[in-house]
Structure formats: structure tokens, C-alpha cells
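Chain by chain, the residues run as shown.
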Protein chains: 2
Amino acid sequence: MSEKPGSFAYDGLDRVLHEKARLGILTSLFSHPEGLVFGEIKSLCTLTDGNLSRHLQVLEREELVEIVKESGSGRPKTTVFITPLGRERFQEYLVELQTVLQAAKAAEKATGAQPGFSPA
Amino acid sequence: MSEKPGSFAYDGLDRVLHEKARLGILTSLFSHPEGLVFGEIKSLCTLTDGNLSRHLQVLEREELVEIVKESGSGRPKTTVFITPLGRERFQEYLVELQTVLQAAKAAEKATGAQPGFSPA
DNA sequence: TAAAAACACTTTACAAAGTAAAGCTTGGAG
DNA sequence: CTCCAAGCTTTACTTTGTAAAGTGTTTTTA
């Protein structure tokens, strides 16, 4: 074997971002710099109320999103924005994702496996 | 907003595969159809013994890997192979990963964000 | 040839996290 | 006025990831 130790460690795969639900939330927010309201995110990501609420807490604690609540009179309205830090971390995460994909692509070539996904 | 519900749900992100450690293990095994021994995987993925052991259990239970143990005389030797099902699921997972990346790329274009990662 | 260190794991225990169910408040429809 | 729906939060549960300790063997090395 020729690889160096740690070749497949993927340390850059941030645990906060590397989660199905939060990845969806962040991607949707990344696509909508104008922000999204609670209900929209819920629908876009197919999450339950409680689920979304909890994940937003995590993302807010990490300062990856900003949450603005309007509740004066009328129904409460929660709008969520991705922060600059959030954009940054998200993009770093994507870089790591590409690394994974490229490692796999290289393996397909090397081992002669049938490509299961098309090159970008 | 124009997207359909569920656009960012990423249901294809299989929970068994969508985990840092296991993703590394599978990628390394995918790259080595001849199999890898316990110690090699441990080194390649920078995992502790217990950690690797546990994740291998999960992967074996899901029939994504095959584990062969030789223990007659001499030190025990555990060799791990990716199964055909494992290759399949892994490749499906990669397809979903590309979806995520492409959604992000599209968002960068649409919102005019600075690319944080280069196109494949 | 004992004792010690290294290998090769497994088991156990703990802490964090994801998920679902229930709860609470306000708004609108009938 | 009553009932149902919208818009969340809180709580409780279950799974999971991670690390620490444990077991047995096999080389060193003194």
C-alpha cells in the first residue's frame, strides 16, 4: 500500500455541517441571501417543526446563521440568514466534499470500476 | 421563492455512509478492492482501535463490508473488503454528494458569491 | 528466560446528537 | 364564541459517535 497515514481521515468534514438536515438548511440559506422564514425552510428541507427548531439552535450557537424574530403583534415570524462565517465554513466544507469525490473518482479509474456517477 | 418543497431534503444522504469515519473507511476500501487489514485502515483514516472496531461492526451489519478474520496461530489478522452492495451504495451516495455541490455552485452563480471552491 | 513493550483487537461506558411527540400561544374561519 | 390551523419551543427518548479500559498474544530486551 502506498498512501500516507491520514489520507482518508477527512478532518475538514465539520461535524456541525456534515449532517443531512443542517446541510440542507445551510444550502437553502446559501441560495437565499435575502433570508428565509421558518416555514419556508421547513418545507424546502422537509423537516418537522421541532427538528428545524433544534438544528437552528445549533447553527445559531455556532454563529453560522442569524435568527431574527418578530413577534410584536401578529403571528411570530422567524427569519433566518446565513452569516458571513456561515458562508465561509460552508464553502470550506464543500471543498472537502470535492476531495472526497475526487478520491473516489481516482479510485474508479485505478480499479477500473464502473462509474456510478458522472464527472462534473 | 421558487423552489419546490423538499428541494434541499437530501434524502439520498444515507445515514450509514454520511459519517466522517465511515465515509473514510469506505473510500479507502473502495480504492483497495484487494482488501485492507485493520491496522492499515486505522492508519489511513486516523482512527482509534475502538472507533474503527465499532464502525466496522456497523458497516458489516449493513453488509457494506465483509470481514475476514484469521486467528489460527500467530497474531489475529482482520482483513476487510467492500462488498458489491457497498460499492453500489457508496456510488449512490457520491451521486447525492454531487447534487449538493451542484446546488451550491448554482447558488454561487445566482447570488454572485465569491467561489470558495473551484469547479470540478 | 523473565519482564516489558507492542500488536491486534473487543467491550464497556459516557456524552452528544437526531428525532418525534407534546405543549403553548396567537390568528382566522365558520 | 368555538374550533382549527399556523408558528414555533420544550421535553423526552433513542441512537450514535468517541474514548478509555480490558484481553490475549507476540515480539523485544535485559
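What you see is a predicted model, and the numbers here were worked out from it, not measured in a lab. (Residues numbered from 1 in each chain as written. Chains lettered and ligands numbered in written order. Predicted model: local features only at pLDDT ≥ 70, side-chain atom pairs only at ≥ 80, totals over all residues. Heavy atoms only, no water.)

## Some thoughts on the overall build of chain A
Working step 1: In terms of regular secondary structure, chain A is built from four helices and three strands.
Working step 2: Reading chain A from its N terminus to its C terminus gives the helix and strand order α-β-α-α-β-β-α.
Working step 3: For 120 residues, the compact-globule estimate of 2.2 N^0.38 gives 14 Å, and chain A exceeds it by more than 25% at 18 Å.
Working step 4: For chain A, the spread of C-alpha atoms along the principal axes amounts to about 65 × 25 × 25 Å.
Working step 5: Counting the 120 residues in chain A, one finds 48% classified as buried.
Working step 6: Pairs at least 24 apart in sequence give 50% of the contacts found in chain A among residues at least 6 apart.
Working step 7: Of the roughly 6,200 Å² that chain A leaves accessible, carbon and sulfur atoms contribute 49%.
Working step 8: Here chain A carries 14 positive and 16 negative side-chain charges, and the mean point of each set is 4 Å from the other. (Helix = DSSP H or I, 4+ residues; strand = E, 2+ residues; numbered from the N terminus. Rg over C-alpha atoms; globule rule 2.2 N^0.38 Å. Buried < 20%, exposed > 50% of the residue type's maximum accessible area, 1.4 Å probe, protein only. Contact = heavy atoms within 4.5 Å. Areas by Shrake-Rupley, 256 points an atom, 1.4 Å probe, with all protein chains shown as cover. Lys, Arg positive; Asp, Glu negative; His and termini not counted. Charge placed at Lys NZ, Arg CZ, Asp CG, Glu CD.)

## Here's the deal with the protein's contact with DNA strand C
Working step 1: The local shell around DNA strand C holds 20 residues, among which A:Arg22, A:Gly74, B:Asp49, B:Lys69 and B:Thr78 are the closest.
Working step 2: Backbone atoms, meaning sugar and phosphate, make up 64% of the atoms of DNA strand C lying within 4 Å of the protein.
Working step 3: A distance of 2.8 Å separates a phosphate oxygen of DNA strand C from a polar side-chain atom of B:Ser53.
Working step 4: Only helix 3 (49–61) of chain A together with helix 3 (49–61) and strand 3 (77–82) of chain B provide two or more residues apiece to the surface near DNA strand C.
Working step 5: Classifying every residue of the surface near DNA strand C by side-chain character gives two nonpolar, eight polar and 10 charged. (Near = heavy atom within 4 Å. Polar contact = N/O pair within 3.5 Å; in protein donor to acceptor, adjacent residues only side chain to side chain. Nonpolar A, V, L, I, M, F, W, Y, C, P; charged D, E, K, R; others polar.)

## Things to note about the relation of the copies chain A and chain B
Working step 1: Once chain A has been moved 0.0 Å along the axis and rotated by 180°, it coincides with chain B to within an RMSD of 0.0 Å. Both copies are brought into coincidence by an operation consistent with a two-fold rotation axis.
Working step 2: Looking at the interface residues of chain A, 100% of them are also at the interface in chain B, so both copies use one shared face. (Least-squares fit on C-alpha atoms with pLDDT ≥ 70 in both.)

## Structural notes on unusual backbone geometry
Working step 1: The residue A:Thr46 is not glycine, and still its phi comes out positive at about 50°.
Working step 2: Note on placement: A:Thr46 falls in the loop between helix 2 (38–45) and helix 3.
Working step 3: With a phi angle near 60°, B:Glu63 is a residue other than glycine that sits in the positive phi range.
Working step 4: Within the secondary structure, B:Glu63 is located in the loop between helix 3 and strand 2 (65–70).

## A short note on the protein's contact with DNA strand D
Working step 1: Taken together, 18 residues surround DNA strand D, and among them A:Asp49, A:Lys69, A:Thr78, B:Arg22 and B:Arg54 come closest.
Working step 2: Close to the protein, within 4 Å, the atoms of DNA strand D belong to sugar or phosphate groups at a rate of 66%.
Working step 3: At 2.9 Å, a side-chain N or O of A:Asp49 approaches a base nitrogen of DNA strand D.
Working step 4: Residue A:Pro76 places a main-chain N or O atom 3.3 Å away from a sugar or linking oxygen belonging to DNA strand D.
Working step 5: Counting residues per element, the ones that place at least two in the surface near DNA strand D are helix 3 and strand 3 (77–82) of chain A together with helix 3 of chain B.
Working step 6: With four residues, helix 3 of chain B is the largest single contributor of residues to the surface near DNA strand D.
Working step 7: Its residues assigned to classes, the surface near DNA strand D comprises two nonpolar, seven polar and nine charged.

## Details of the packing of helix 1 (residues 20–31) of chain A against helix 4 (residues 84–111) of chain A
Residues and elements named next belong to chain A.
Working step 1: At their nearest, the axes of helix 1 and helix 4 sit 11 Å apart, and the two run at 115° to each other. Note on packing geometry: the crossing formed by helix 1 with helix 4 is left-handed. Here Leu23, Leu26, Thr27 and Phe30 of helix 1 lie close against helix 4, whose contacting residues are Arg87, Phe90, Gln91 and Tyr93.
Working step 2: Residues that form the contact of helix 1 with helix 4 fall into these classes: five nonpolar, two polar and one charged. (Axes fitted to C-alpha atoms, helices over the stretch in contact; angles between N-to-C directions. Left-handed = near helix turned anticlockwise from the far one by under 90°.)

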